[in-house]
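Listed below are the residues making up each chain.
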Amino acid sequence: MVDQNRKNRLNPEQYASLKAEIAAPYRGLRQFFYIAFGASGSLGAFVFFFQVLAGRNLESAIPSLALQLGIVALMVFLWRWEQRRQRSTQSGKNSNF
């Protein structure tokens, strides 16, 4: 017969880690993508900013610069939102489990 109380077999750190992963699956993967896309947007904004500064291809460089800045802003927003959710989960305010 299988032991129904597996919680007792885990040490407290393992149990807390599993509980956090259940509460927010793939959090680390999402944060990796936020960083990667934010870095890509920053690099693109850097390039298009200097194209605008040089006055080359303004009709295509300005919208591209705006798009890159929007991507960076979105990634910063998502990163902060993720951090806020993580803090509220850790403090016990949002524990549904």
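Residues numbered from 1 in each chain as written. Predicted model: local features only at pLDDT ≥ 70, side-chain atom pairs only at ≥ 80, totals over all residues. Heavy atoms only, no water.

Under an unreviewed UniProt entry, the protein has the name DUF3493 domain-containing protein and belongs to Nostoc commune NIES-4072.

Asker: I keep staring at the UniProt feature "transmembrane region" (unreviewed entry) in the protein and nothing clicks. Help me out?
Answerer: Here, the residues flagged by UniProt with the feature "transmembrane region" (unreviewed entry) are residues 32-54 and 60-79. Counted over residues 32-54, helix gives 100% and strand 0%. Its end C-alpha atoms are 33 Å apart. Secondary structure within residues 60-79 divides into 100% helix and 0% strand; the distance between the first and last C-alpha atoms comes to 29 Å. (UniProt positions renumbered as here; feature names shortened; annotations may be inferred. Helix = DSSP H or I, 4+ residues; strand = E, 2+ residues; numbered from the N terminus.)

Asker: Please explain the packing of aromatic side chains as it appears in this structure.
Answerer: The way to describe two aromatic rings as a pair is by their centre distance and the angle between their planes. Within this structure, the stated rule accounts for five aromatic pairs. On the numbers, 6.3 Å between centres and 20 degrees between planes, the contact of Phe 77 with Trp 81 is stacked. One end of the pair, Phe 77, and the other, Trp 81, are both in helix H3 (residues 58-90), four residues apart, so they sit about a helical turn from each other. Overall, Phe 77 belongs to the partly exposed group, its relative accessible area being 48%. In this structure Trp 81 comes out as partly exposed when scored by relative accessible area, which is 42%. Here the aromatic residues Phe 32, Phe 33 and Phe 37 are joined through ring pairs into a cluster of three or more. Arg 85 extends its terminal NZ or CZ atom over the ring of Trp 81, reaching a point 5.6 Å from the ring centre. (Phe/Tyr/Trp six-rings, centres within 6.5 Å; stacked < 30°, edge-to-face > 60°. Buried < 20%, exposed > 50% of the residue type's maximum accessible area, 1.4 Å probe, protein only. Lys NZ or Arg CZ within 6 Å of the ring centre and 35° of its normal.)

Asker: Got a minute to help me understand the confidence of the model for the protein in this structure?
Answerer: Low pLDDT marks regions whose predicted coordinates should not be analysed in detail. Counting all residues, the mean pLDDT for the protein is 85, and 86% of those residues have values of 70 or more. Averaged pLDDT values over the elements of the protein bottom out at 80 in helix H1 (residues 12-23) and peak at 95 in helix H2 (residues 27-54). (pLDDT = per-residue confidence, 0-100.)

Asker: Looking at this model, I keep getting lost on the packing of H2 against H3. Mind explaining?
Answerer: Interhelical geometry of H2 versus H3 gives an angle of 155 degrees and a closest axis separation of 8 Å. On the basis of their axis angle, the class for H2 and H3 is roughly antiparallel. Classified by chirality, the crossing of H3 by H2 is left-handed. Grouping the amino acids of the contact of H2 with H3 by side-chain chemistry returns 18 nonpolar, twelve polar and four charged. (Axes fitted to C-alpha atoms, helices over the stretch in contact; angles between N-to-C directions. Parallel < 35°, antiparallel > 145°, perpendicular 65-115°, else oblique. Left-handed = near helix turned anticlockwise from the far one by under 90°. Nonpolar A, V, L, I, M, F, W, Y, C, P; charged D, E, K, R; others polar.)

Asker: Sorry if this is basic, but what is going on with the pattern of salt bridges here?
Answerer: Two side chains carrying opposite charge are able to pair once their charged atoms lie near each other. Scanning all chains against the criterion turns up two salt bridges. For the salt bridge of Arg 27 with Glu 82, the shortest nitrogen-to-oxygen distance reads 3.0 Å. Of this pair, Arg 27 sits in helix H2 while Glu 82 is found in helix H3, placing the two residues 55 residues apart along the sequence. A single burial state applies to Arg 27 and to Glu 82, both of which are buried. The salt bridge involving Glu 82 is made with Arg 30; its shortest N-O contact spans 2.8 Å. Highlighted residues: Glu 82 in helix H3 and Arg 30 in helix H2, separated in sequence by 52 residues. Using a relative accessible area of 2% as the deciding quantity, one classes Glu 82 as buried. (Salt bridge = Lys/Arg side-chain N within 4 Å of Asp/Glu carboxyl O.)

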